[in-house]
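Given next are the chains, with one letter for each unit.
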Amino acid sequence: MNYQTVIGLEIHAELLTASKIFCSCSTAFGSKPNTQICEVCIGLPGALPVLNEKAVRLAVTAGLALGCEITENCRFDRKNYFYPDLPKGYQISQLYLPICKNGHIEIDTDAGKKEIRIREIHMEEDAGKLIHGKDGETHIDYNRCGVPLIEIVTEPDFSSAEEAVAFLTELKKILLFTGVSDCKMEEGSLRADVNLSVKPENSEALGTRTEMKNLSSFRAVQKAIIYESERQIKELEHGNSIIQQTRRWDEDRNVSLPMRTKEEANDYKYFPEPDIPPLVLSKEYIEEIRKNIPELPSQKKERFIAEYGITEYEALVITDSPAMSEFYEKTAALSDPSQTAKWIIGEVSGMFAERGLSPEDSRLIPSDLAEIINMVTLGKISRSTGRDVLAKVLDDKVKPSEYVEENGLLLIDSADELLPLIKDVIGKNEKAVLQYKNGKENALHYLLGQIMKATKGRAKINEVRDVLKELLK
């Protein structure tokens, strides 16, 4: 029997605020455990939450960028459950009236464009972090308690791991370009839960779903979906039932493991949060936020293709992050836009990867890269020399034109300078000359190599070839 996989995602994104959602404690990552907490974070009796307006603004920004309707009259609810990393014994979230609903993202699939529906976006506070020690003890860091989150809940519109990753890739770019979140998955700023079930192909009834929690990389999402889909199909083919449960992904073993029975909303005994009044958003407030949303990555991609004449692939790669897009535009304003795209995708990206750098790094400025590209384009230096100069810029912060001048790297333009060098190579390689005259083409390549070596790569290969052939006649 053939089966169809049905997938929905719940994505938690930390909002890019300086302070927490209900208090003034810092949200900075990497501080010593339990140094960014207060009576509100850890739920001391009598402590009252105060809503962070910046968090609301960012949540609305995310909703508008994702084509959502904004709920003008929304509220917060208490989600009651006991877990060591939740000191209050409840989480402030939004169940009944989420701040955003009915959005979508369009993704590219093998079959063409596909619209993924977003059911809702709700605001909530993060929990703390359990740290399991090698000594068998578990410690708790409450610094993360109260960090503002949005949870983006999709409809079960995905049918493959590839579609889920395509959606997450586009979502991450939108959140980055709008400044909603820094999306640093390695720091937990963006993480995904996967709801997955399988059903017989063409069946209307959905299968029993499982939920895999807190997947912290696109690779983990892809591997977890593939594994869990195959696991459920094997269970069904052996006549077993799928248990509705929450599972965790074991990155080391590449398997999903059961954690607990899947909870439903009524298990959390939700009720309206009594300490926070209903949130009323005026139409003027929403429209002011809408007007200030920056150019989205899909819009920027289309503009780059139309304005700069680069390929769709080049535009897609360049709009991977706001920093790379900005760097490209500033460089393209000073050099050939098409060559700029090729250099950024090729040499720059490669050297950044080798050195562990990112587009945000200040070692390379647009004017320096433009200077290198212009020297190559105008035939002043070879492309290989350009690559060497780029490496020196990154490693030693040299100025490109000064470095080229000081190290004699300009290509030889003078025939008077080139001719004696070619004649000298011919005179020193009589055997290769004779072989060429006897019809061996490889001998010409050898002579060209010797000339380029003698000129330290500063000769223009096509000119050298023409002069060499003429002299060998």
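I will try to describe carefully the structure that is included in this document. Computed from a prediction, not measured in an experiment: that's the story for all the values here. (Residues numbered from 1 in each chain as written. Predicted model: local features only at pLDDT ≥ 70, side-chain atom pairs only at ≥ 80, totals over all residues. Heavy atoms only, no water.)

**Notes on the pattern of salt bridges**
Step number 1: Per the stated rule, a full pass over the model turns up 33 salt bridges.
Step number 2: Note that K213 and D193 form a salt bridge whose closest N and O atoms lie 3.2 Å from each other. Of this pair, K213 sits in strand 12 (residues 210-215) while D193 sits in strand 11 (residues 190-200), placing them 20 residues apart in sequence.
Step number 3: As a salt-bridge pair, K301 and E312 come within 3.4 Å of each other at their nearest N and O atoms. Of this pair, K301 sits in helix 5 (residues 297-308) while E312 sits in helix 6 (residues 312-318), and the two are 11 residues apart along the sequence. (Salt bridge = Lys/Arg side-chain N within 4 Å of Asp/Glu carboxyl O. Helix = DSSP H or I, 4+ residues; strand = E, 2+ residues; numbered from the N terminus.)

**A few points about the sheet that holds strand 4 (residues 77-80)**
Step number 1: Reading across the sheet, the three strands line up as 5-4-15 and stay open at both edges, with antiparallel pairing between neighbours. Of all the strands in the sheet, the pair left with one neighbour each is strand 5 (90-93) and strand 15 (271-272).
Step number 2: Bridge count between strand 4 and strand 15: two bridges; the pairing is antiparallel. Along strand 15, the bridge assignment pairs R78 with F271. (Pairing = 2+ DSSP bridges.)

**A short note on the packing of aromatic side chains**
Step number 1: By the definition in use, this model includes eight aromatic pairs.
Step number 2: Centre to centre, the rings of F158 and F167 are 5.3 Å apart; their planes meet at 75°, and the pair counts as edge-to-face.
Step number 3: Given a relative accessible area of 0%, F167 falls into the buried group.
Step number 4: For the ring pair F304 and Y308, a centre distance of 5.6 Å and an interplane angle of 65° mean the geometry is edge-to-face. Placement of the pair is F304 and Y308 together in helix 5, with a separation of four residues, close to one helical turn.
Step number 5: Through successive ring pairs, a cluster of aromatic residues spans Y81, Y268 and Y270.
Step number 6: Across the ring face of Y90, the terminal group of R78 is positioned such that the distance to the ring centre comes to 4.0 Å.
Step number 7: In this structure, K79 is placed above the aromatic ring of Y268, and the distance from its NZ or CZ to the ring centre is 4.5 Å. (Phe/Tyr/Trp six-rings, centres within 6.5 Å; stacked < 30°, edge-to-face > 60°. Buried < 20%, exposed > 50% of the residue type's maximum accessible area, 1.4 Å probe, protein only. Lys NZ or Arg CZ within 6 Å of the ring centre and 35° of its normal.)

**Let's talk about the packing of helix 2 (residues 161-177) against helix 5**
Step number 1: Packing of helix 2 against helix 5 brings their axes to within 9 Å, and their N-to-C directions diverge by 90°. Put simply, helix 2 runs roughly perpendicular to helix 5. Contacts between helix 2 and helix 5 involve E170, K173, I174 and F177 from the first element and P297, S298 and K300 from the second.
Step number 2: In terms of residue class, the contact of helix 2 with helix 5 is made up of three nonpolar, one polar and three charged. (Axes fitted to C-alpha atoms, helices over the stretch in contact; angles between N-to-C directions. Parallel < 35°, antiparallel > 145°, perpendicular 65-115°, else oblique. Contact = heavy atoms within 4.5 Å. Nonpolar A, V, L, I, M, F, W, Y, C, P; charged D, E, K, R; others polar.)

**Structural notes on the environment of V153**
Step number 1: Tracing the backbone shows V153 in strand 10 (residues 148-154).
Step number 2: Not counting chain neighbours up to four residues away, the residues in contact with V153 comprise L9, E10, I118, R119, E120 and H122.

**Details of the nonpolar core**
Nonpolar side chains tend toward joint burial in soluble globular proteins.
Step number 1: Of all hydrophobic cores here, the largest spans 71 residues; its most connected members are I99, I150 and F167.
Step number 2: Setting aside residues up to four positions removed in sequence, F167 forms contacts with L9, I11, I105, I107, I116, I118, T154 and F158.
Step number 3: One finds Y328, V348, V376 and L394 within the second-largest nonpolar core, a separate group that totals 31 residues. (Core = buried A, V, L, I, M, F, W, Y, C linked by side-chain atoms within 4.5 Å.)

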